[in-house]
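Remarks on the overall topology
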Amino acid sequence: MKGTVSGMKLLSVIVPCYNEEENIRDFYDELFKNTPFFVEKEIEVELIYIDDGSKDRTVEEIKKLHEEDKRVHMVSFSRNFGKEAAIYAGLQKARGDLAVLMDADLQDPPSLLPDMYAYIEQGYDSVATRRVTRKGEPVVRSFFARMFYRIMNKISKTEIVDGARDYRLMTRQVVDAILAMSEYNRFTKGIFGWVGYETKWLEYENIERKKGETKWSFWKLFAYSLEGITAFSTMPLTVAAVMGALFCIMAFILIVVIIVKTLIFGDPTSGWPSMVCIVLLVSGVQLFCLGIVGQYLSKTYMEVKKRPIYLVKEDI
Ligand code: UDP
Ligand code: MG
């Protein structure tokens, strides 16, 4: 449903932070550079920092800001639960008619908010952003990222946009839809696609992180991509089954061929090397398929345990 927003409304700005002590205040300053826009549009802002178990002075920095400005809120976790968990906590905490997710490192420019808001006024349910360039990123990483999106979109019905950032402005309706997905393995990019709603995509050039370091190593990203695949596609399971079926058919044909050959020509004991190769190949394929099943089993196991997505240490 398209609805226009009118009157005083509350915008919840959700910022997951993990060891971002240098960025907390910069982000605050940058966000409130938009104050004239907020006043003009009668938007009230609540800024929710989610401290994802930071080991530096992030919490102290947020508390200092909270003393100065009561629009600043904080939920801090008992340990590092990951950005996905932080996003979920932020959305749960948000009371706004609108909510926006942003990184603390200013890679998601708050100056884009007026543009994004304009589309909400036009009736879009959510306004998402994607970066069109991967400038400043290692070449290998870009290559694998592209591959991931290509494969992912082939094997999953849920659309996952290449270069999509988590920077997204949403109406309350969309927020509630995302909150309704309380799964433990949270692949947010997929969840956004899955819930649907009318989404406007804004594009911008990649901006490099201002201060601090990225928390994503290559292997972390790789594990994350596997998470995405298992969470939003069951295609690998089908591949395993198909591969099994093909091997059965192949074996059956070979059996017939060998029986016929032996009946006609005799000579039962040659072909030992080829036998070893076949045994290796087949057992390899079996282990590989078992591994695929194992991936899904482990995800199911974690899901069935129904562990909380995050644990709160402090909430101000
Ligand atoms: N982040 C988090 N928990 C984590 C890792 C990252 O809350 O375990 C936050 C981080 O503080 C930042 C955002 O997620 O605000 C994006 O992280 P980062 O800049 O490291 O990722 P990149 O921009 O390189 O993809
Ligand atoms: Mg970043």
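A few points on the structure. As the structure is a prediction and not an experimental result, all values here were calculated from the model.

1. Things to note about the overall build of the protein
Scanning the protein from terminus to terminus reveals eleven helices and eight strands. The C-alpha atoms of the protein give a radius of gyration of 25 Å, which is well past the 20 Å a tight globule of 316 residues would have. By residue count, 43% of the 316 residues in the protein fall in the buried class. Within the protein, contacts between residues at least 6 apart in sequence are counted, and of these 84% link residues at least 24 apart. Working note: accessible area of the protein is about 17,400 Å², and carbon and sulfur atoms make up 63% of it. Across the protein, the centroid of the 41 positively charged side chains sits 5 Å from that of the 42 negatively charged ones.

2. Remarks on the site of ligand 1
Surveying the vicinity of ligand 1 reveals 17 residues, the closest of which are Glu-20, Asp-52, Asp-105, Gln-107 and Thr-214. Contacts to ligand 1 include Glu-20, whose side-chain N or O atom sits 2.6 Å from an oxygen atom. In this structure, an oxygen atom belonging to ligand 1 sits 2.7 Å away from a side-chain N or O atom of Asp-105. Computed on the free molecule, ligand 1 has an accessible area of 530 Å², of which 88% lies beneath the protein chains in the complex. For the shell around ligand 1, a count of residues per class yields five nonpolar, four polar and eight charged.

3. Some words on unusual backbone geometry
Leaving glycine aside, a negative phi is the common case for residues, and trans is the common case for peptide bonds. Phi angles above zero are rare outside glycine, and Glu-42 is one such case at about 55°. Assignment of secondary structure puts Glu-42 in the loop between helix H2 (35-40) and strand S2 (43-51). On the basis of relative accessible area, Glu-42 is assigned to the partly exposed category, the value being 41%. If you check the backbone angles, Tyr-197 has positive phi at about 70° while not being a glycine. As for its position among the elements, Tyr-197 is in the loop between helix H8 (188-195) and strand S7 (199-204).

4. Observations regarding the side chain of Ser-54
Considering the arrangement of structural elements, one finds Ser-54 in the loop between S2 and helix H3 (58-68). The buried category is assigned to Ser-54, whose relative accessible area is 14%. A polar atom in the side chain of Ser-54 sits 2.6 Å from the side chain of Asp-51. Each residue touching Ser-54, except ones within four places of it in the same chain, is listed here: Cys-17, Tyr-18 and Asn-19.

Each value, and the rule that gives it
- Residues numbered from 1 in each chain as written.
- Chains lettered and ligands numbered in written order.
- Predicted model: local features only at pLDDT ≥ 70, side-chain atom pairs only at ≥ 80, totals over all residues.
- Heavy atoms only, no water.
- Helix = DSSP H or I, 4+ residues; strand = E, 2+ residues; numbered from the N terminus.
- Rg over C-alpha atoms; globule rule 2.2 N^0.38 Å.
- Buried < 20%, exposed > 50% of the residue type's maximum accessible area, 1.4 Å probe, protein only.
- Contact = heavy atoms within 4.5 Å.
- Areas by Shrake-Rupley, 256 points an atom, 1.4 Å probe, with all protein chains shown as cover.
- Lys, Arg positive; Asp, Glu negative; His and termini not counted.
- Charge placed at Lys NZ, Arg CZ, Asp CG, Glu CD.
- Near = heavy atom within 4 Å.
- Polar contact = N/O pair within 3.5 Å; in protein donor to acceptor, adjacent residues only side chain to side chain.
- Nonpolar A, V, L, I, M, F, W, Y, C, P; charged D, E, K, R; others polar.

Without other data, these values stay purely geometric and don't point to any function.
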